[in-house]
Amino acid sequence: GDSVTQMEGPVTLSEEAFLTINCTYTATGYPSLFWYVQYPGEGLQLLLKATKADDKGSNKGFEATYRKETTSFHLEKGSVQVSDSAVYFCALRYYGQNFVFGPGTRLSVLP
Amino acid sequence: SQTIHQWPATLVQPVGSPLSLECTVEGTSNPNLYWYRQAAGRGLQLLFYSVGIGQISSEVPQNLSASRPQDRQFILSSKKLLLSDSGFYLCAWSSIGASGGWNEQFFGPGTRLTVL
């Protein structure tokens, strides 16, 4: 079945460091891809999305590119802040189907 | 704009007691509605989803049930809670896109349930 794999956390970085959180997926077709962020004690918020190959989603300094050839959707940010500390979920969704979420990656940014 | 509410925010219940969690959505009509559970430090588990009033699909067999008595109201219930029911319960909604597919999901603030 369809699945999403994320790099294991926790990821600990210093403020202003470069961030990469890897996400790869297994799917039989071409789903839409998403990144959600969950701050402590809160629900999930949509961070960015891409609906077709080579699309780049971006928001709040975060970027991810839909790579069909490597079935990946890695999340990147050039300079993280303490306020970026959260759990990040990669997810996929087919047209008319439910979401499939990855296990989440916890990011801690130290001042 | 659309808003999703969940209550209560936190709940502590003894084993064997009943449960009722409520979720309501404002600012949209005929949304798809979802209940997820998130165990401590874990990912999301889809429990139920609904595409309309009275239409409930269960993803995981367990002692929980869901109901949708109104278009924008989704309720999660249990007759007798188990210790394993502890977790963070999230409600979400999505709309139908222009092309007929489902758009991204928007999540509520969650209910933290502790069963003792």
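Structure first, text after, so check above.
Below is a summary of the structure that appears in this document.

## Describing the overall build of chain B
Counting its regular elements, chain B contains zero helices and 11 strands. By the compact-globule yardstick of 13 Å for 116 residues, chain B fits well, its C-alpha radius of gyration being 14 Å. Here the C-alpha coordinates of chain B stretch approximately 45 × 25 × 20 Å along the principal axes. Counting across all 116 residues of chain B, residues that qualify as buried make up 48%. Considering only contacts within chain B whose residues lie at least 6 apart along the sequence, 55% involve residues at least 24 apart. Here chain B has roughly 5,400 Å² of accessible surface; of this, 53% comes from carbon and sulfur atoms. In chain B, 7 side chains carry a positive charge and 6 a negative one; their mean positions are 10 Å apart.

## Quick notes on the interface of chain A and chain B
Taken together, the 18 residues of chain A in the interface contact 21 residues of chain B. Carbon and sulfur atoms make up 55% of the area that chain A and chain B hide from each other, which totals about 1,500 Å². Linking chain A to chain B there are one salt bridge. Among the ionic pairs, Glu104(B) bridges to Lys49(A), the shortest N-O distance being 2.8 Å. Joining chain A to chain B, the criterion identifies three residue pairs in polar contact (both at pLDDT 80 or more). Broken down by secondary-structure element, the contributors of at least two residues to the side of chain A that touches chain B are strand S5 (32–38), strand S6 (44–50), strand S10 (86–93) and strand S11 (99–101) of chain A. Here the residues of the side of chain A that touches chain B sort into nine nonpolar, six polar and three charged.

## Topic: the state of the cysteines
The bond known as a disulfide is covalent and runs between the sulfur atoms of two cysteines. Summed over the entire model, instances satisfying the criterion amount to two disulfides over all chains. Sulfur-sulfur distance for the disulfide between Cys23(A) and Cys90(A) comes to 1.9 Å. In this structure the cystine formed by Cys23(A) and Cys90(A) twists about its S-S bond by roughly -70°; its chirality is therefore left-handed. Taken as a pair, Cys23(A) in strand S4 (residues 23–26) and Cys90(A) in strand S10 lie far apart in primary sequence, 67 residues in all. Given a relative accessible area of 1%, Cys23(A) falls into the buried group. Note on Cys90(A): relative accessible area 0%, which makes it buried. In this model, Cys23(B) is linked to Cys91(B) through a disulfide, with the two sulfur atoms separated by 2.0 Å. With the S-S dihedral at roughly -75°, the linkage between Cys23(B) and Cys91(B) falls on the left-handed side. Residue Cys23(B) is located in strand S3 (residues 19–26), and its partner Cys91(B) is located in strand S9 (residues 87–94); the two are separated by 68 residues in the primary sequence. Across this residue pair, the class does not change: Cys23(B) and Cys91(B) are buried.

About the criteria used
Residues numbered from 1 in each chain as written. Chains lettered and ligands numbered in written order. Predicted model: local features only at pLDDT ≥ 70, side-chain atom pairs only at ≥ 80, totals over all residues. Heavy atoms only, no water. Helix = DSSP H or I, 4+ residues; strand = E, 2+ residues; numbered from the N terminus. Rg over C-alpha atoms; globule rule 2.2 N^0.38 Å. Buried < 20%, exposed > 50% of the residue type's maximum accessible area, 1.4 Å probe, protein only. Contact = heavy atoms within 4.5 Å. Areas by Shrake-Rupley, 256 points an atom, 1.4 Å probe, with all protein chains shown as cover. Lys, Arg positive; Asp, Glu negative; His and termini not counted. Charge placed at Lys NZ, Arg CZ, Asp CG, Glu CD. Buried area = accessible area lost by both parts, 1.4 Å probe. Salt bridge = Lys/Arg side-chain N within 4 Å of Asp/Glu carboxyl O. Polar contact = N/O pair within 3.5 Å; in protein donor to acceptor, adjacent residues only side chain to side chain. Nonpolar A, V, L, I, M, F, W, Y, C, P; charged D, E, K, R; others polar. Disulfide = S-S within 2.5 Å.

Without other data, these values stay purely geometric and don't point to any function.
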